[in-house]
Amino acid sequence: MTNSIREIGDAACILAIGTNTTQAHPVLALQIIRAVKRGAKLIVANPREIPLVKFATIWLRQHPGTDVPLVMGMIRVILDEDLADEEFIRERCENLDALKESLRQFDLDTVERITGVPRQQIVEAARLYATSKPASILYTMGITQHSHGTDNVMSLGNLAMVTGNVGRPSSGVNPLRGQNNVQGACDMGALPNVFTGYQRVDDAQARKKFEDAWGIALSPKPGLTVTETFHHALDGHIKAMYIVGENPVLTEASAHHVEEALKKLEFVVVQDIFMSETARLAHVVLPAASFAEKDGSFTNTERRVQRVRQVIPPVGESRPDWLIMCQVAQKMGAAGFDYESPSDIMKEIASLTPSYGGITLERLEQTSLQWPCPAPDHPGTPVMHVGKFSRGKGRFAALNYIPSAELPDAEYPLILTTGRSLYQYHSGTMTRKVRGLNKMSGQEKVEINPADAARFGLKDGDAVKVISRRGKVSARVKVTQSSPPGVVFMTFHFAESPTNVLTSPALDPVAKTPEFKVAAVRVEKEESPVGAGAR
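Residues numbered from 1 in each chain as written. Predicted model: local features only at pLDDT ≥ 70, side-chain atom pairs only at ≥ 80, totals over all residues. Heavy atoms only, no water.

> Go over the domain arrangement of the protein chain with me, naming the residues and quoting the values.
As far as domains go, the protein chain holds domain 1 (5-176), domain 2 (182-370) and domain 3 (414-525). Look at where the C-alpha atoms of domain 1 and domain 2 centre, and you get two points 34 Å apart. (Domains from an automatic or database assignment.)

> How would you summarise the packing of helix α4 (residues 67-80) against helix α6 (residues 96-103) if you had to cite specific residues and measurements?
Two elements in contact, α4 and α6, have axes whose closest approach is 10 Å; the angle formed by their N-to-C orientations is 110 degrees. Relative to α6, the element α4 lies roughly perpendicular. Between α4 and α6 lies a crossing of left-handed hand. Contacts between α4 and α6 involve Met72, Ile75, Arg76 and Leu79 from the former and Leu99, Lys100, Ser102 and Leu103 from the latter. (Axes fitted to C-alpha atoms, helices over the stretch in contact; angles between N-to-C directions. Helix = DSSP H or I, 4+ residues; strand = E, 2+ residues; numbered from the N terminus. Parallel < 35°, antiparallel > 145°, perpendicular 65-115°, else oblique. Left-handed = near helix turned anticlockwise from the far one by under 90°. Contact = heavy atoms within 4.5 Å.)

> Give me the sheet that holds strand β5 (residues 135-139): which residues, what numbers.
Read from one edge to the other, the open sheet built from 5 strands follows the order β3-β2-β1-β5-β6, with strand pairing classed as parallel. Only two strands of the sheet have a single partner each, and these edge strands are β3 (58-60) and β6 (173-175). Averaged over all pairs of adjacent strands, the angle between strand axes in this sheet comes to 15 degrees, irrespective of strand direction. In the sheet, β5 pairs with β6 via 3 bridges, with the strands oriented parallel. When the sheet's bridge partners are listed, tyrosine 139 is paired in β6 with proline 175. In this fold helix α10 (residues 149-162) packs onto β1 (13-17), β5 and β6, with an angle of close to 175 degrees to the strand it touches most, β5. (Pairing = 2+ DSSP bridges.)

> Explain the pattern of salt bridges to me, and be specific about the residues and the numbers.
Enumeration over the complete set of coordinates arrives at 28 salt bridges. A salt bridge links arginine 470 to glutamate 406, with the shortest nitrogen-to-oxygen separation between them at 2.8 Å. Highlighted residues: arginine 470 in the loop between β16 (463-467) and β17 (472-479) and glutamate 406 in the loop between β13 (394-395) and β14 (414-418), separated in sequence by 64 residues. The same class applies to arginine 470 as to glutamate 406, namely buried. Each member of the salt-bridge network shares a partner with another, and the members are Asp295, Arg307, Arg309 and Glu365. (Salt bridge = Lys/Arg side-chain N within 4 Å of Asp/Glu carboxyl O. Buried < 20%, exposed > 50% of the residue type's maximum accessible area, 1.4 Å probe, protein only.)

> Residues and numbers for the environment of leucine 28, please.
Inspection of the secondary structure assignment puts leucine 28 in helix α3 (residues 26-37). Once you skip the residues sitting within four places of it in the chain, leucine 28 turns out to touch Ile5, Ile8, Thr21, Leu176 and Thr301.

> Go over the sheet that holds β16 with me, naming the residues and quoting the values.
On the basis of which strands lie adjacent, the closed barrel formed by 6 strands has the order β14-β18-β15-β17-β16-β19 and mixed pairing. Here the strands of the sheet are splayed against their neighbours by 45 degrees on average, with no regard to which way each runs. Of the strand pairs in this sheet, β14 and strand β18 (residues 487-490) are connected by 4 bridges, and their pairing is parallel. Paired with leucine 416 across the bridge in β18 is valine 488.

> Tell me about the layout of surface pockets, residues and numbers included.
A volume near 460 Å³ is recorded for the second largest pocket. Gln23, Ser421, Glu447, Lys478 and Phe489 are the residues nearest the centre of the second largest pocket, which is lined by 23 residues in total. Of the residues belonging to the lining of the second largest pocket, the class tally is 6 nonpolar, 10 polar and 7 charged. Formed jointly, the lining of the second largest pocket draws a minimum of three residues from each of two domains, domain 1 (5-176) and domain 3 (414-525). (1 Å grid on protein atoms, 1.4 Å probe; cavity = no way out; pocket = protein on both sides within 12 Å on 5 of 7 lines; lining within 4 Å. Points joined across faces, edges and corners; volume = space filled by probe spheres on them. Nonpolar A, V, L, I, M, F, W, Y, C, P; charged D, E, K, R; others polar.)

> So what's going on with the pairing of β16? Which residues, and what values?
Within β16, 5 of the 5 residues are buried, leaving the element largely enclosed by the surrounding structure. Neither face of β16 is left uncovered, since the one carrying Ala463, Lys465 and Ile467 and the one carrying Val464 and Val466 both have all their residues buried. In this sheet, β17 lies alongside β16 in antiparallel orientation, the contact comprising 5 bridges. Bridged to valine 466 within β17 is valine 473.

As structure tokens, this is what we get:
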């Protein structure tokens with residue numbers, strides 16, 4: 001997030017696009033509701049009638065996969081009606097002419113035809129966002145999990161910059177992270193092309209700094225994304241895999257190929273707190289300690305580094321993740337893994353990572369800190385890009401509309417889109433063990449519009465097969481207006497109905513993120529009871 005969570009409640013306008021915030025981020029969603037109660041204007045852009053819609057000033061119900069034309073259409077209105085922040089653009093941005101040229105293809109008639117959103121709603125949303133300041137953009141995986149997800153994000157950057165909604169409180173472009181420390185994992189270099197603090201592996205100066213600290217030569221070549229590693233395992237280029245705190249058998253797109261890849265590997269290690277579906281395929285399972293059994297820190301979605309303190313000793317033979325990794329490395333003869341505590345590790349992080357340079361566990365004992373925090377006396381950074389961008393000037397992106405890789409046809413006439421439930425979490429590895437949560441949401445349902453239910457002869461509670469080009473999954477029907485005609489919705493929490501068997505393997509060319517949000521499927525009634533799982 002460029003800004004802080006509490007600032008959302010003070011925004012004059014909020015654009016929530018590709019985020020079912022009350023379900024996936026219920027605590028943060030309270031800030032949106034607080035803002036609305038204070039008089040803020042809320043624009044919700046989502047194909048589904050999510051609970052946030054009832055608080056919305058305008059609901060833009062775009063077709064799945066058409067976010068770029070929707071946002072670019074809004075930008076065109078803003079520029080055509082002289083609602084842009086000309087001073088901000090002149091002083092802090094570049095490449096405006098290229099943006100304007102690309103906007104020629106996004107006239108409102110074209111945008112309405114592609115998105116299904118009436119042109120007048122697009123105009124109203126554009127005017128509202130441009131004239132109600134400060135305005136904050138919130139998004140999640142409804143934006144990123146597309147074969148053009150990078151373009152989706154860049155379009156939102158264009159929208160924020162063209163209105164001057166960057167570098168100011170309660171503004172910005174704010175991705176809401178899906179797990180408690182996913183921001184921290186990325187910050188620590190758990191990406192294929194960067195070291196800690198997003199220092200690129202192909203930057204010779206950054207690479208030399210890490211080589212000097214670690215006493216080894218490092219490759220300038222970026223590695224593979226998670227999705228790519230399974231492709232390379234299938235073709236034999238990867239022989240072994242070490243999986244930590246992840247359950248890709250349920251969470252990866254086109255999940256059958258993940259299981260095939262894991263079975264083909266010569267050696268698989270899984271380090272986790274429970275025996276997950278992925279762990280059952282491992283040669284070695286290393287029991288890890290949960291958050292309550294270890295010391296350290298988490299970095300949350302607003303870049304806030306927070307202290308985590310051990311409450312109970314590790315259960316059974318489990319150990320903290322850092323200790324397991326160090327002990328494995330030492331057994332393999334590696335040097336430099338002789339840390340005695342998380343505090344030692346944090347000191348090394350600070351020494352090599354400018355954005356964490358002033359963060360220590362000792363400071364975190366007193367208060368949490370938001371990076372960038374480059375020095376011991378720095379208070380942290382609630383708002384990023386104040387005065388200037390990290391690259392100097394913000395660069396507008398010229399974009400084109402690229403349709404989703406897999407669209408409905410006669411054989412697969414429906415779009416499947418996926419998301420989370422309020423009552424279960426991600427792969428369900430933890431939440432499925434909670435009896436109360438299972439009572440609230442205990443099996444997979446396919447949410448379908450009444451018109452489609454009638455079209456296919458389905459009624460509420462029917463057992464069905466949801467079928468894509470990659471497999472089939474059993475579920476129960478939930479007839480609801482929340483899903484628009486032509487679109488069905490499922491979560492991916494249930495091992496008995498592994499939805500990601502169905503999802504598209506198409507990748508964004510830059511981020512290599514699979515297109516979880518758009519896959520072509522059909523739904524057929526079945527007589528056998530739900531629970532047969534995927535086939």
